[in-house]
Structure formats: structure tokens, C-alpha cells
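Examining the three-dimensional arrangement
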Amino acid sequence: MPHQALARQRLLIKGGKVVNDDLSVVADVYVEDGVVQQVGLNLNPEPPTGLTVLDATNKLVIPGGIDTHTHMQLPFMGSRSKDDFYTGTKAAISGGTTMIIDFAIPQKGCSLIDAFDTWRSWADPKVCCDYALHVAVTWWSNKVKEEMKSLVQNKGVNSFKMFMAYKDLYMVNDEELFAAFSCCKELGAVAQVHAENGELIAQGAKKMLAMGITGPEGHELCRPEEVEAEATQRAITIANAVNCPLFVVHVMSKSAARVISNARREGKVVYGEPIAASLGTDGTHYWNKDWAHAAAYVMGPPLRPDPSTPGFLMNLLANDDLSVTGTDNCTFDICQKALGKDDFTKIPNGVNGVEDRMSVIWEKGVYSGKMDENRFVAVTSTNAAKIFNLYPKKGRIAVGSDADIVIWDPKATRTISAKTHHQANNFNIFEGMVCHGVPVVTVSRGKVVYEGGAFNVTAGEGKYVSRPPFPPYVYKRVRQREQVCQPIPVKRAPYTGAVSGTPVAP
Ligand code: URP
Ligand code: ZN
Ligand code: ZN
Ligand code: ZN
């Protein structure tokens, strides 16, 4: 047999229901060298030797999940998040996610390109699935503007995150937001915001500590829902003023979600990203008597104590008021969380989710009857691929698409637990949740990387995925508005009457 034929990786997924965001159809899927070659009934690729065949009868065959928001090995709040790009992507794969988008975050005054290169140097040798990087804009100058351009044109970055919180660390003011949004629009990038009023958080935290509230409940009390909603509204207003598409990351509250929903109803180009945590659990845990338990849920913006929040966010996700799901996976173990044992402002912010996102959304979204299997694919994969210009290479099962595929058993159940999860931390915020919907096989670029609980992964075999600017899904409307929605001066004859004024003494 010629050497080339031996090297070909061939895979046939037989008899499953292929689910895309717009259609479900029973079909076989034939994959060669990492790319889908055929989708159809009764495929019989030749030769039969050297072909891996997977039986997907009575199962769904779905595009691999895309987690739009992770922080692997992030240096943050005096520590470094526990899941690195190896454990984090391995955990992702076991949960049916085949691509993550992480964030390169420069310190204020530092180079965005250096941060991007640093994150690449951490991720490239470790990733087990494909990944991309958003880049954070934590300060503003002409150099930042030039670097944003270079990142878009030379490094495959098409999204930038601005923080409205973390005063003195990452926070930018409204003038800087305006400049960054304008730059994103010029470059064809998507602007992202961490929407919380950082000044109010700083003041609220001081107040709580002065009242003797030092435990994790202080984290939520110092930044209630309106602190998130106000910043969300402000970001939308500024983005709309410059006709820049906006992506609100980690939507945690009913109030912020309502703001996004209203803006979409007003025709604004804005997308909301609830996360596994905000869809699957709530902030009542901050009042748990066990400090370590309560601290494990600390993240920003906080989970909300209103227990109807997850269901509300899921309703909005089901009806397209909210668009995609990430996790904000940023894990710290109990010892790391204990940095804030006497002061909630020092508890490293972050929770798990990259492994459990798909199951949590299936359970709370599909099993509950709120969304169908197609909407599930839209919110876990396709919409992310469209917004970040990865579609239809990612986010779809079709001829020519990357073979990032999951065989999903909607009938099977699993119980989430830190005892069995693959993440590096020793706590799981979804502990004990029984989920219908289990990924039985995960395929990354045509290779079976996870099957029936067993991994077949190698650190570094995932690839960095470049994302071109001007995603059509986002920018078609933006460009058209740029052309037809500009204000024009009223043509009128010049005023010729008298002009008078009263001089004011200096
Ligand atoms: O608590 C969080 N969210 N940690 C990660 C940093 C961020 O704001 O996304
Ligand atoms: Zn954030
Ligand atoms: Zn609890
Ligand atoms: Zn984050």
C-alpha cells in the first residue's frame, strides 16, 4: 500500500442523527484527514481497511462544542488558575467541547502583542484541542491601537475584551472604551466587555468590610445586580454610538440579561454570553456556613442569590435574546481561594465549567423542554463560530468542515462530581447534578480523542485557529448601517439676521 494511503486518517460515523443548528437528519459522516468528506445515507468508503467505524445508532452526531470564554493557567489575584492548557482542554474534550477561546491579558502599560505571544507559548505545547485567543485591552494609547491592528492583520485575532471592573488592575474608563470600540469597528473586530461598574464595586467592598462582612457573601453584596446592569447599558450605549458590535461576556443576572434583550429588540448589534455557572447554579451558596464551600463560588460578576436566575437566563438563551455560552473556566482550589479567608476581596475570582457546560445546558435547556437539539447546537457551537468567524469550518457538520464532532447520547445520564471530573481543582460548583445527555465519543480534527471514558490525547496536538476580521454574521449589518445611517446636515439658507451677545468679563 502506498505510504500516503497509510498516513490517511479515515473515520466513518454510522447511523446517527446529524444535528446542525438548522436541521437534524439521519446520516453517516465520512471523515478523512481531519475534514468531513461526505454526509449521507449508507456510505461505504473504500477501501474498508484502515477505516475506523463508530456506531452512532440512536445517538446524536453534533458539532463539537466551542467554549467562548476560558482562562487556563491565568496569573490572577496572587495565584495562577489551576487548569492549564493541558488539563483544561482534556477536561473540555471529555465534556464534548472541541475548541476553546481563551484570553491573552496584558498588564496596564504592557504590550498586547507580547501578551498574545506569551499565551501562545503557554498554550501551543499543551492544548489537546483547537483554540483561539481573544486579547484584552487594559489601557489605551496609540501603541495599543497599532498593536490591535497588527493582532488583527497578522495574528488572527478578531475580538478584544475591555474590563469595566477590576479598578486599577484592568479597568478602562468610558473615554478608553469609546476609543477601543472605535478601533474594533475600524478593524472589523468584535468588542467584548466585562460589564460591571468597577468604581461602585470598590466603594461597595470598602463598605462591606467596614460593616464587618469579610466572608464570601460580601462579594455579592458589594456588587448587586444593578452594578452589572448599569455597566451593560453603558457599554451598549457607547458601542452603539460608534456602530461597533458588542459581545457581553459572562452575563450573570436577570437585570443585565434584560438590558441586552431590550437592546436587541431596539435593533442593536449586541450578543450576550451566559455561562455554565450562571445557567446551572446560583449565588445562594455565598451564604453557606462552610467558608470553603461559599468561597468556591466566588467569581466576577457574582452568581446571583435570586434562585430563579438560571431558569430566566435559560429562557432568554432559548429564544435568542442571549446568543452563545461560555464558561469563564478559571479554576482555583480551596487553598488558593483561602488567600481571601479574612477578606472576600482577596479570594481569587473564578469557577469551573469547561467540562460540564454541554451537559448542564442539555439538562437545563433541552431535557427541561426549553430548547430543541438544534438550538442546543446553536448556543453551544454554531453561534460562536459565526460571531468569531470560524463558520462553517467550525460549528457545523458538513462537507469541508473540520471534523470536530461529538457523539452525544441524549438518554444516558451522569452525575457531576469533583471526585470524577478531569479538571485540576478539587471542587465542582455543579457537584451532585444529574445530567441527561452524555458525550460518548469526542472527535477532534478527525481523531477520536475520547471514547467511553478513555482519552487518546497528546499535549500540543490542538492547533491555534486564526480568525479573520469582519465576520459576515456580525458585520454585514454594521457595514450597511455605516453607509446608510450616517446623519446628514439639513440644507438651509444661511441666517442673515442680526447677531447679538453680551460680552462676559474674563
Ligand atoms: O471571576 C472571573 N470572572 N475570573 C476571570 C476573570 C474575568 O473577569 O473573566
Ligand atoms: Zn471578566
Ligand atoms: Zn452550597
Ligand atoms: Zn473571564
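Because the structure is a prediction, the values reported are computed rather than measured.

Things to note about the overall build of the protein chain
When you go through the protein chain residue by residue, the secondary structure sums to 16 helices and 18 strands. On C-alpha atoms alone, the protein chain measures out to a radius of gyration of 24 Å, which is about the 23 Å that the 2.2 N^0.38 rule sets for 506 residues. In the protein chain, which comprises 506 residues, the share counted as buried stands at 54%. Considering only contacts in the protein chain between residues 6 or more positions apart, those separated by 24 or more positions represent 77%.

Observations regarding the sheet that holds strand β12 (residues 190-194)
Pairing is parallel across the open sheet formed by seven strands, whose spatial order is β6-β9-β10-β11-β12-β13-β14. Bordering the open sheet on either side are β6 (65-70) and β14 (270-274), each of which pairs with just one other strand. Taking each pair of neighbouring strands and ignoring which way they run, the sheet shows an average axis angle of 25°. Pairing between strand β11 (residues 159-163) and β12: five bridges, direction parallel. From the neighbouring strand, Phe-160 faces β12, where its bridge partner is Ala-191. Against the sheet, helix α15 (residues 373-387) engages β6, β12, β13 (246-251) and β14, with an angle of about 65° to β6.

Concerning the site of ligand 1
Around ligand 1, the structure places His-71, His-194, His-250, Met-299, Gly-300, Asp-328, Cys-330, Asn-349 and Gly-350. Here the residues of the shell around ligand 1 are counted per class, giving two nonpolar, six polar and one charged.

Focus: the environment of Ala-318
Residue position: Ala-318 is located in helix α12 (residues 309-318). Here the alpha-carbon distance between Ala-318 and Gly-497, two residues 179 residues apart in the chain, equals 61 Å. Setting aside residues up to four positions removed in sequence, Ala-318 forms contacts with Gly-365, Lys-370, Met-371 and Arg-375.

Topic: the UniProt feature "domain: Amidohydrolase-related" (unreviewed entry) in the protein chain
UniProt feature "domain: Amidohydrolase-related" (unreviewed entry): in the numbering of this structure it lies at residues 60-449. Between the end C-alpha atoms of residues 60-449 there is a gap of 18 Å, over a span that is 37% helix and 19% strand.

Here we look at the pairing of β13
With six of six residues buried, β13 is to be regarded as a mostly interior element. Across three bridges, the pairing between β12 and β13 is parallel. Bridge assignment links Gln-192 to a residue of β13, and that residue is Phe-247. Note that β13 and β14 share four bridges and pair parallel.

Quick word on the UniProt feature "modified residue: N6-carboxylysine" (unreviewed entry) in the protein chain
Using the residue numbers shown here, the UniProt feature "modified residue: N6-carboxylysine" (unreviewed entry) corresponds to Lys-161. With respect to the helices, strands and loops of the structure, Lys-161 is situated in strand β11. When neighbours within four sequence positions are excluded, Lys-161 is seen to be in contact with Phe-103, His-134, Ala-136, Gln-192, His-194 and Val-249.

Considerations on the pairing of strand β10 (residues 130-137)
When you tally the buried positions in β10, you get eight out of eight residues, the bulk of the element. Burial along β10 is two-sided: Asp-130, Ala-132, His-134 and Ala-136 facing one way and Tyr-131, Leu-133, Val-135 and Val-137 facing the other are all buried. Summarising the sheet, strand β9 (residues 97-104) and β10 pair through six bridges and their orientation is parallel. Paired with Ile-100 across the bridge in β10 is Tyr-131. For the segment spanning β9, helix α3 (residues 112-123) and β10, crossover handedness is right-handed. Sheet topology note: the β10/β11 ladder contains three bridges and is parallel. By the bridge assignment for β11, Val-137 is matched with Met-162. A crossover connection joins β10 to the parallel β11 through helix α4 (residues 142-154); in handedness this β-α-β unit is right-handed.

A closer look at unusual backbone geometry
In the segment running from Glu-46 into Pro-47, the intervening peptide bond is cis, with an omega of -10°. When you line up the elements, Pro-47 lands in the loop between β3 (35-40) and β4 (51-55). Residues Gly-300 and Pro-301 are joined by a peptide bond in cis, for which omega reads -10°. Relative to the helices and strands, Pro-301 is located in the loop between α11 (291-295) and α12.

Here we look at the environment of Leu-187
Topologically, Leu-187 is positioned in helix α5 (residues 174-187). Spatially, the C-alpha atoms of Leu-187 and Asn-425 are 38 Å apart, while their sequence positions differ by 238 residues. Not counting residues up to four positions away in its chain, the partners in contact with Leu-187 are Met-148, Lys-149, Val-152 and Pro-469.

Considerations on the nonpolar core
Counting residues in each nonpolar core, the largest one holds 151 residues, and the members touching the most others are Val-29, Val-61, Ala-180, Ala-191, Ala-235 and Leu-246. For Val-61, the contacting residues outside a window of four places in its chain are Ile-13, Gly-16, Lys-17, Val-18, Val-19, Val-29, Ala-56, Ile-397, Ile-405 and Ile-407.

Parameters and conventions
- Residues numbered from 1 in each chain as written.
- Chains lettered and ligands numbered in written order.
- Predicted model: local features only at pLDDT ≥ 70, side-chain atom pairs only at ≥ 80, totals over all residues.
- Helix = DSSP H or I, 4+ residues; strand = E, 2+ residues; numbered from the N terminus.
- Rg over C-alpha atoms; globule rule 2.2 N^0.38 Å.
- Buried ≥ 20, exposed ≤ 12 C-beta atoms within 10 Å, placed from the backbone.
- Contact = placed C-beta atoms within 7 Å.
- Pairing = 2+ DSSP bridges.
- Axes fitted to C-alpha atoms, helices over the stretch in contact; angles between N-to-C directions.
- Near = placed C-beta within 6 Å.
- Nonpolar A, V, L, I, M, F, W, Y, C, P; charged D, E, K, R; others polar.
- UniProt positions renumbered as here; feature names shortened; annotations may be inferred.
- Right-handed = clockwise from strand over helix to strand, strands pointing away.
- Core = buried A, V, L, I, M, F, W, Y, C linked by C-beta atoms within 7 Å.

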